Amino acid sequence: MDRAIKRLKAKKVLVFERGEEEYERSVATSNLLFRFSRPECVMQPTTFSQVQDIIKQAKSQKLEITIKGGGHSYAGHSTAFRGISLDLSKLNTAKLDIKSKSVTIQAGCQWGNVYKTLVNGQHDGFVVNGGRCPTVGVGGFTLGGGLGPFTRSIGMGSDTLTEATLVTADGNLVTVKDSDDPNSNKGRLFWAIRGGGGGNFGVLVEMKLQVRRLRNKDGIVIAGRYQWFPKSGMTDDFMTTMNSFYTTSWPNRMTIDSTWMCDLRGRSSADGVRFLIYYDGTKEEFDVVIDEYIKNLELSKQLKRRSLPEKSTRFLHETLVSQWTEETKKAFPSNNTYSIYSSFIFKNDRITIERATSIIREDMEAFRRRFSGEQVEFLVTWIHSGGKATEKKPSDTAFFWREAVYHTYVTVEWVDKWMETDMRPFLEDVKKKLRPLSLKGEAAFINFPDGALGANAHERAYFGDNRQELRRVKKMWDKDNFFKSAQGVGLPKSAENDGGSGVNRPNEEDLTHTIAGEHWKYFGTKNFKKELNELVELGL
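Because the structure is predicted, anything quoted here is derived from the model rather than measured.

Procedures and definitions
Residues numbered from 1 in each chain as written. Predicted model: local features only at pLDDT ≥ 70, side-chain atom pairs only at ≥ 80, totals over all residues. Heavy atoms only, no water. Buried < 20%, exposed > 50% of the residue type's maximum accessible area, 1.4 Å probe, protein only. Helix = DSSP H or I, 4+ residues; strand = E, 2+ residues; numbered from the N terminus. Pairing = 2+ DSSP bridges. Contact = heavy atoms within 4.5 Å. Polar contact = N/O pair within 3.5 Å; in protein donor to acceptor, adjacent residues only side chain to side chain. Salt bridge = Lys/Arg side-chain N within 4 Å of Asp/Glu carboxyl O.

Considerations on the pairing of strand 14 (residues 272–279)
Within a regular strand, side chains alternate between the sheet's two faces.
Moving on, step 1. Buried residues dominate strand 14, accounting for 8 of its 8 residues.
Moving on, step 2. A two-sided burial pattern is seen for strand 14, the buried positions comprising G272, R274, L276 and Y278 on one face and V273, F275, I277 and Y279 on the other.
Moving on, step 3. Taken together, the 7 bridges between strand 12 (residues 220–228) and strand 14 define a ladder with antiparallel strand orientation. Residue pairing for strand 14: A223 is matched across the bridge by Y278.
Moving on, step 4. Two strands pair when backbone bridges link them, and strand 13 (residues 254–263) and strand 14 are joined in this way by 8 bridges, in the antiparallel orientation. Across the sheet, residue T255 finds its bridge partner in strand 14, namely Y278.

This is the structure we're talking about:
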C-alpha cells in the first residue's frame, strides 16, 4: 500500500490517510452501523486518467478497492473497511445540452447537482428521471435501475441512459452506447449496466441521460405531501382505504409514494401514513383523478388541498427537498442513528396487497407495544412504480423485475446501540412474513439492498433470471473478479451452485454481534492506538 500511495501521489492523485481531516470527512457515515470504516487510505481522483492509474496500481498489487460514488448505500456497499476507498466525489460536473435534450453527468454527482442544470437555465417543462431525494448518488441510482418521481410516465432511470464511460479492470477507458450492437461485447456491457448494479464491471466515471419533456405544456408539476393520522386509528375502514389505494390502476401521469410510520421517538403518539405526490398535468385533472379513485372523503380532501401546481424548476429546486426532508437528514453524518433495511417487490393484485398491509398493521401494533419508551422507529415505504417501467421485457435490460408496481422497503432505526439486539430479530420476523409475497417469493431491489441476504441468494433476489447473463458479462469484462463485493455479480457458476432458495440467510439475529465484532478486531491493534493519538492531536 505504501508503494501504491507513493506512486499515485506522484501522479497528483489526492490521497488521504488515516487521521487526516479529508480522510475522516470522506469515511464519515450517517448510519452508525458502519462507523468502523477505516480503509487504509482514501483516494479522490479528479480526472478519468487518475481513475485508470488507481485501478492499474491496485490490480497490479492486488489491493482491495471499494468504489464510493456521490451518494450512499443502505447496506454499506460503498463503505470501505480495508484497502482503498475510491471516492469519486471530485468528479461532480453535470452539463446540460437542452438542444439535444441530454445531460452528461460525472459519476460523483448527486441528483441535486443535475437538477440545478435545469433550474439555473430556467428550463421549465423538462425533467431528468433521477432520484426523489437530491442527495442520492447518480451513478448507483442509474446502474441499479433507478426509481424517480416520473418513472411511471418515463420508465426506469436506466431506461433513459444513452451512453456510459467506465474504467475496466484492465485500466482501460471504455465508452458504451445504446447504438452498440447488442450482441457485441460493448453492447452486452451496456445491457448489463442498466440494472446490473454498480461496481460489478468497472468504475463508472461518466454517463449521458435523456432529458424528457413533461406532458403539461406550461411546464407545471402538481406536487404535495400529506401525513395522515386517522382519528379513529388503523381501523378496518382505514385498511379498506389503503387496500383500495394500492390496488388502483392509477394513470401513468400519477405517482403517489407512501410510508407507513411507527415513530416512538416522541414525534407522534399514533401511527400514520405519509403520502408524497407527483402529477404531470393540470390541477383540475389531478383533482378529478383523486375524486375518482379515493373514496375516503378526509383523505381525498387533504390530498387535493395539499397538492399545488408549480413550475417544474421550483419542484426540482425546492419541493423535492421538503418532501424528502427526513431522507435528506438521514444522509448527513451528523444524523447519528443506526438503521437496517430490507426490500420487497409487489404487484397490485388484491390478494397480495391485503396480506401485505395486514402484516404491516399487525407488526406496527406489535412494535409500539413491545418498544414503548424506546428511541426507535419502524417505517414501511411504498415507492410507486409500474406504468411505463413495465413496457420493456425483463430481458431487455439487466433490470429484471418489470412487473413491479411497488418497490417497498422496510426501515428499522434506533438511537441507542444496545437496541440492535432487539431491532435485528424484529426485522427478521417482518421479512419472513413479507418475503413470500414478493415477486417469485424472493424479489428485492438492488437500490434498496438488504445486507442480510445470503451469498448467491442476493443475485436471485436482485437480478432474477438475468443473473446468468450478468455473470457471463462479468467474465467478459472482469475475468479475474477484481471488482468484487459481498453482494456483487459473481463469475459464472453451474446450475447446481446457483444459490438455491432462501434469500434471508444469514438472518439478522446472527449478524447482530458478528458485524461489530469483526470491525472491533481492528480497534485492538497497535495501528489503531497510533491513529487514535493522531486524531487527538488533530482535534478530531
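Now, onward.
A word on the environment of Q106
Moving on, step 1. Positionally, Q106 belongs in strand 6 (residues 102–106).
Moving on, step 2. As a C-alpha pair, Q106 and G139 span 33 residues in sequence and 8.2 Å in three-dimensional space.
Moving on, step 3. Leave out the neighbours within four places in its chain, and Q106 touches F48, L91, N92, T93, V205 and E206.
Moving on, step 4. Looking at Q106, its side chain comes within polar contact range of the main-chain nitrogen of N92, at 3.2 Å.

What about the pattern of salt bridges?
Moving on, step 1. All chains considered together, the criterion is met by 37 salt bridges.
Moving on, step 2. Notably, a salt bridge pairs E24 with R38, separated by 2.9 Å at the nearest N-O pair. Of this pair, E24 sits in helix 2 (residues 21–27) while R38 sits in the loop between helix 2 and strand 2 (41–44), placing them 14 residues apart in sequence. This pair shows no difference in class: E24 is buried, exactly as R38 is.
Moving on, step 3. A salt bridge links E64 to R82, with the shortest nitrogen-to-oxygen separation between them at 3.7 Å. Of the two residues, E64 is situated in the loop between helix 3 (48–60) and strand 3 (65–68) and R82 in the loop between strand 3 and strand 4 (84–87); the sequence distance between them amounts to 18 residues.
Moving on, step 4. Here E64 falls in the partly exposed class, since its relative accessible area comes to 41%.
Moving on, step 5. R82 gets classed as partly exposed once you look at its relative accessible area, which sits at 47%.

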